[in-house]
Amino acid sequence: MDRSADTNPFYDKQPWALDISTILQELEVNSEDGLSTKQVEQRQKKYGANQLRQHKKRSLAEILIAQLKSIIILLLAAAALFAFWLGEYVDGWAIMIVIIINTGIGFFTELRAVRSMEALFKLGKVATRVRRAGKILEVDAEDLVPGDVVIIEGGDIITADLRIMEQSKLQADESALTGESLPVSKQADAIAKDTVLAERSSMLYKGTAVTRGAGEAVVISTGLDTELGAISSLVEEADQEQTPLEERLDKLGYRLIAVTLLIVLFVVGSGIWAGKELYLMIETGIALAVAAIPEGLPIVATIALAKGIRLMAKKNALVNRLSSVETLGATGIICTDKTGTLTENKMTATGIYLSGDRDVNLSEQTATDNSDLRLALEVGVLCNNASLHHQKKGGTGDPLEVALLEAAKKGGIALDELSSQYREVREESFDADVKMMATWNQLNDGEYRVSVKGAPGAVLDVCSSVMMDGNVKPLQKQDRQQWEELNLKLGQEGLRMLALAVKTVNTTEGNPYEELTLVGLIALNDPPRSDVKPAILRCQQAGIRVVMITGDQKATAESIAEAVGIDPKNREAIHGRELPDIAGLDLDSEEANRIYHTSVFSRVSPNQKLDLIELFQKKGQIVAMTGDGVNDAPALKKADIGIAMGQRGTQVAQEASDMVLTDDAFSTIVSAIEQGRVIFNNIRRFIYYLMSCNVSEVMVVAMATIVGTTLPILPLQILFLNLVTDVFPALALGVGEAEEGIMQKPPNNPDQSILGGSEWMGIAGYALIITVSVLGSLFIGMEYLMLSADKAVTLSFLTLAFAQLWHVFNMRSSGSKFWNNTITKNSYVWGALLLCTGLLFMAVYVPVFSDVLKVTPPTATGWIVVFGMSGVPLLVGQLWKTFETDFQICQ
């Protein structure tokens, strides 16, 4: 994004490092009165509306054109135009119908997916309270301008980047922007210029929310000049990657073009050189071109992917692009955010530690059993500004403080009674410098209890005594060391540690942080989601790495990584400040390999997320990225497949993604990956089937031309087979169920062609057997049954048709049983065989079809020849499968 003084008055400055008086002077505004009406009008003209770039919706024309970009569709279009040019209008229109059907299926399927996923970059009609011309007004967020004085209260959505002028107990949830799971305390003083985004305590940023307190702030920047706007620009700039399936189909299409041209030129050229009729050679050329192109491939691929989308939707995953379904099958790395993706985004008290090495389990002990426990729980309640819901679980306020209230309630503390008994008369809000908070609560006889909570190191430094079994005892040096060691031990486990302390005073004045009595430590954790660990285990079994990329602290990231089972060998986190410029990094260097093999990254910026994904991609991996926050959006778009959360995900994240999880469950990703693998295997299987059928047609025409015999099959008959008898069995293969153990294999190799060398050998072998059977049928008809050319061609046409139908059973995996495999258990295969058999009989016995296809009904002997010769490829194929050991056709 190009920032300048014309759009951002602080584009080359650091407002968080400037004092308020300087900022107000720069913005020409008085904090007591705010901007005048005239100033507002002038600045609205200068800076524009406070909104992000409007996301351009995909038009109907764009979706339609996208369906026509396949190289195979272009090849079909060229064949149709060539047929029209030669006057073969029936052939031309038949090919055009194929294109229309495929385009229609793809268009309506993708239109439905796109429209169900579309989310615009907008905050909606959010009202903001401002002071203008000495009056407090509510204005639309879009009308804010730099210099506006904004009135802030808990629960407000921040609609522009603000510099805080004054505050009281102000905290903000910035997890969507920075990845920090806990609300961040704010203050009005200037801070260092080089402070990173997540630690700018004097600023409030667009797209975040105020969770506590109140204050006033001045607008620094609006619209695209905000930090949120900068990230949305990264989303626009991030390149959209082509999916592996698209790349593979394009490669296959280009190969088909080359092979088709070579075969046509060779056969037609040699025929003309041998003195054969020009028209016959042109007709032969058309037949070869039609035979070489798998007209049913785009249709079957589209329908198979569309079925995958429907299955994914039933499993709580909405897919934006058809080909993104298959991409999941090749996924080798899942980059995931921590907050709200792997964790619940809430704090939970995991243990209370009292003097005397006592680790209290609230499930076994209550406040009535232990006076020290009661005191610790009371401190957590009194030194607290959160509240619990009465009718449901959870509460409002800082998740840490909610966790303290829940722990107290579980321990038997009556929260309302306690608050009534000990009325709060003063509060010293949490200070980031002293890392503590204190409250004064009224006792009897004019005394007050000072309750303190804070960072253990800070609290221990101001404690002179410790509570043990209801008695206050001096805090000896050895005791202090034991508490510090306990804090270090639990801190290394990634737990959030708090120390609780008290003292009794007779005044509300004075320093609360001195001569305190330590009550104990409480450990809290943002718990991982229950479904994450088994999901990650399944990923590992499937050869998929899970990499955590978070904006949270290093220790917390490592703890969550351990809790959910992320790669134990490479779990030590790399801090964002330790990351080099990845864009200029030598991929073979030791540093690049260290980063590549690391599974946990902390304090990572949006730009660094993009760099990490690019590094993984350059290392040959297909990368999926999960996330829910604004800070995840650029990476979601850059990844091969972006996966956003549907329930708590931001609109920016959902719009940038390829898939949205409606249940926000990490386990849904595993189901999606499994479905992706199933789809790729099915696509590979039906392409293998289609190509073996098409190559057999090419061989039949080519060999007949070379030996100088009658064409065993006419161009329109080939097109009929490609569109009818080939498509339906292929479609049945494309919607088959998963094979056993599919998630026990490594991901599909993104560099591997859909059909490798062994597959092409198998295709050539099957095509040769089918060709011999078809030519044998033609030979028997003409030489032994003494049939005319058109009747003999009918026999060869039907032999080819039924040979291709029976050939579907040769698509079973190696090692599977003949009557118990994915093909025989697929009800769609049996339905396709029945349908195609019926269509073939219609083609023979219904005059309108037989006239167009130029076929005549065979005699009983003719049908014996057809079924006998068409069964030869099936018999040979099954014998091949039976004795096959190492060679596999379909993985």
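Here, the structure is the one placed above.
Here the structure is a predicted model, which means the values were calculated and not measured. (Residues numbered from 1 in each chain as written. Predicted model: local features only at pLDDT ≥ 70, side-chain atom pairs only at ≥ 80, totals over all residues. Heavy atoms only, no water.)

Q: Sorry if this is basic, but what is going on with the packing of aromatic side chains here?
A: How two aromatic rings sit relative to each other is set out by the distance from centre to centre and by the angle between their planes. One pass over the structure, following the stated rule, counts 13 aromatic pairs. With a centroid separation of 6.4 Å and 90° between ring planes, the pair formed by Tyr688 and Tyr766 is classed as edge-to-face. Pair noted here: Tyr688 is in helix H23 (residues 666-707) and Tyr766 is in helix H26 (residues 757-784), with a separation of 78 residues, a long-range link. Comparing Tyr688 with Tyr766 shows no difference in burial state: the two are buried. Residues Phe809 and Trp830 carry aromatic rings whose centres are separated by 5.3 Å and whose planes lie at 50° to one another, so their mutual orientation is tilted. Of the two residues, Phe809 is situated in the loop between helix H27 (789-806) and helix H28 (827-845) and Trp830 in helix H28; the sequence distance between them amounts to 21 residues. Aromatic rings pair up to connect Phe802, Trp806, Phe841, Tyr845, Trp863 and Phe867 into one cluster. When the ring centre of Tyr596 is taken as origin, the NZ or CZ atom of Arg545, which lies over that ring, is 5.4 Å away. (Phe/Tyr/Trp six-rings, centres within 6.5 Å; stacked < 30°, edge-to-face > 60°. Helix = DSSP H or I, 4+ residues; strand = E, 2+ residues; numbered from the N terminus. Buried < 20%, exposed > 50% of the residue type's maximum accessible area, 1.4 Å probe, protein only. Lys NZ or Arg CZ within 6 Å of the ring centre and 35° of its normal.)

Q: Honestly, the pairing of strand S15 (residues 436-442) in this entry has me stumped. Any pointers?
A: Judged by how many residues are buried, S15 sits mostly within the fold: 6 of 7 residues are covered. As defined by bridge partners, strand S14 (residues 424-431) adjoins S15 across 5 bridges and the pair is classed as antiparallel. Paired with Glu428 across the strands is Ala438, a residue of S15. (Pairing = 2+ DSSP bridges.)

Q: Can you walk me through a nonpolar patch on the surface in this structure?
A: Taken together, the side chains of Phe266, Ile706 and Val707 present a nonpolar region at the surface, about 350 Å² in accessible area. Among the secondary structure elements, Ile706 is positioned in helix H23. Judged by its relative accessible area of 58%, Ile706 is exposed. (Patch = residues over 30% accessible without salt bridge, like charges linked within 9 Å, V, L, I, M, F, W, Y side chains within 5 Å. Areas by Shrake-Rupley, 256 points an atom, 1.4 Å probe, with all protein chains shown as cover. Salt bridge = Lys/Arg side-chain N within 4 Å of Asp/Glu carboxyl O.)

Q: What am I meant to see in the packing of helix H25 (residues 727-734) against H28 here?
A: Two quantities define a packed helix pair, namely the angle between the helix axes and the distance between the axes. Interaxial distance between H25 and H28 falls to 8 Å at its minimum, and their mutual angle equals 175°. In terms of their interaxial angle, H25 and H28 are classed as roughly antiparallel. Packed against H25, whose contacting residues are Phe728, Pro729 and Ala732, the element H28 presents Tyr828, Val829, Ala832, Leu835, Cys836 and Leu839 at the interface. Broken down by class, the residue content of the contact of H25 with H28 amounts to 9 nonpolar, no polar and no charged. (Axes fitted to C-alpha atoms, helices over the stretch in contact; angles between N-to-C directions. Parallel < 35°, antiparallel > 145°, perpendicular 65-115°, else oblique. Contact = heavy atoms within 4.5 Å. Nonpolar A, V, L, I, M, F, W, Y, C, P; charged D, E, K, R; others polar.)

Q: Even after reading the chapter, I still don't get the pattern of salt bridges, so can you show me in this structure?
A: Working definition: two side chains of opposite charge can pair if their charged atoms are close together. Scanning all chains against the criterion turns up 13 salt bridges. We note a salt bridge from Arg374 to Glu378, for which the minimum N-O separation is 3.3 Å. With Arg374 and Glu378 both in helix H12 (residues 371-382) and 4 residues apart, the pair spans about one turn of that helix. A salt bridge links Arg684 to Glu759, with the nearest nitrogen and oxygen atoms 2.7 Å apart. Of this pair, Arg684 sits in helix H23 while Glu759 sits in helix H26, and the two are 75 residues apart along the sequence. Counted as one network, the salt bridges with shared partners bring together Arg374, Glu378 and Arg449.

Q: What's the story with the environment of Glu174 in this structure? I'm lost.
A: Relative to the assigned elements, Glu174 resides in the loop between strand S4 (161-173) and helix H6 (175-178). For Glu174, a relative accessible area of 0% corresponds to the buried category.

Q: Can you walk me through helix H18 (residues 554-564) in this structure?
A: Because each turn of an α-helix spans 3.6 residues, side chains separated by three or four positions end up pointing in the same direction. Of all the residues in H18, the buried ones are Thr556, Ala557, Ser559, Ile560, Ala561 and Val564. Those residues of H18 that are buried lie in contact with strand S20 (516-525), helix H17 (532-541), strand S21 (545-549) and strand S23 (600-602).

Q: It is not clear to me how the side chain of Arg43 should be interpreted in this structure. Could you clarify?
A: By the element assignment, Arg43 lies in helix H2 (residues 37-47). The buried charged residue Arg43 lacks any salt bridge partner; its closest oppositely charged side chain belongs to Glu28, at an N-O distance of 4.2 Å. (Lys, Arg positive; Asp, Glu negative; His and termini not counted.)

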